[in-house]
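Secondary and tertiary structure notes
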Amino acid sequence: MKTFSTLFLNALCLIGLGFAVAGVISLGMNAAYYDYVDADGVLHESFYLPLGFILGFVGLLLGLAGFVRGLIKVLLRRPS
């Protein structure tokens, strides 16, 4: 099962997974603790919403880059 570890268990994929998990946690914190409308009708939002999307997007890009890098490594190593 060396192919699976080459594709998904490389450093770039694992770092991307960490960023994606941090993004999900940030979005969960935003949903649980923030976003309210005060008595004057002003919406108060937190920093966690854009942070969650940025972390999730960076995690997705890093994970995709790691997967493509691993895929190229597997395809170049395979005898034709």
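The text that follows walks through the structure, step by step, so that each part is easy to find. (Residues numbered from 1 in each chain as written. Predicted model: local features only at pLDDT ≥ 70, side-chain atom pairs only at ≥ 80, totals over all residues. Heavy atoms only, no water.)

Section: the overall build of the chain
For the chain, the helix and strand inventory stands at three helices and two strands. Helices and strands appear in the chain in the N-to-C order α-α-β-β-α. A burial count over the chain gives 20% of its 80 residues as buried. Considering only contacts within the chain whose residues lie at least 6 apart along the sequence, 69% involve residues at least 24 apart. Surface accessibility of the chain: about 5,900 Å² in total, with carbon and sulfur atoms responsible for 74%. (Helix = DSSP H or I, 4+ residues; strand = E, 2+ residues; numbered from the N terminus. Buried < 20%, exposed > 50% of the residue type's maximum accessible area, 1.4 Å probe, protein only. Contact = heavy atoms within 4.5 Å. Areas by Shrake-Rupley, 256 points an atom, 1.4 Å probe, with all protein chains shown as cover.)

Some remarks on the environment of A31
As for its placement among the helices and strands, A31 is situated in helix α2 (residues 11-33). When its relative accessible area of 65% is taken as the criterion, A31 is described as exposed. Placed 15 residues apart in sequence, A31 and S46 show a C-alpha to C-alpha distance of 9.8 Å.

Quick look at the packing of α2 against helix α3 (residues 48-77)
Their axes nearest at 7 Å, the elements α2 and α3 cross at an angle of 160°. The orientation of α2 relative to α3 falls into the category roughly antiparallel. Classified by chirality, the crossing of α3 by α2 is left-handed. A class-by-class count of the residues in the contact of α2 with α3 yields 17 nonpolar, nine polar and one charged. (Axes fitted to C-alpha atoms, helices over the stretch in contact; angles between N-to-C directions. Parallel < 35°, antiparallel > 145°, perpendicular 65-115°, else oblique. Left-handed = near helix turned anticlockwise from the far one by under 90°. Nonpolar A, V, L, I, M, F, W, Y, C, P; charged D, E, K, R; others polar.)

Structural notes on a nonpolar patch on the surface
On the surface, L9, L14, L17, V21 and I25 cluster together to form a nonpolar patch covering roughly 460 Å² of accessible area. Looking at the element boundaries, L9 is found in the loop between α1 (2-8) and α2. Classification of L9 as partly exposed rests on a relative accessible area of 48%. (Patch = residues over 30% accessible without salt bridge, like charges linked within 9 Å, V, L, I, M, F, W, Y side chains within 5 Å. Salt bridge = Lys/Arg side-chain N within 4 Å of Asp/Glu carboxyl O.)

Some remarks on α2
The end-to-end C-alpha distance of α2, which contains 23 residues, comes to 33 Å, matching closely the 33 Å that a straight helix rising 1.5 Å per residue would cover. Listed as buried for α2 are C13, G16, G23, S26 and N30. (Expected span 1.5 Å × (residues − 1).)

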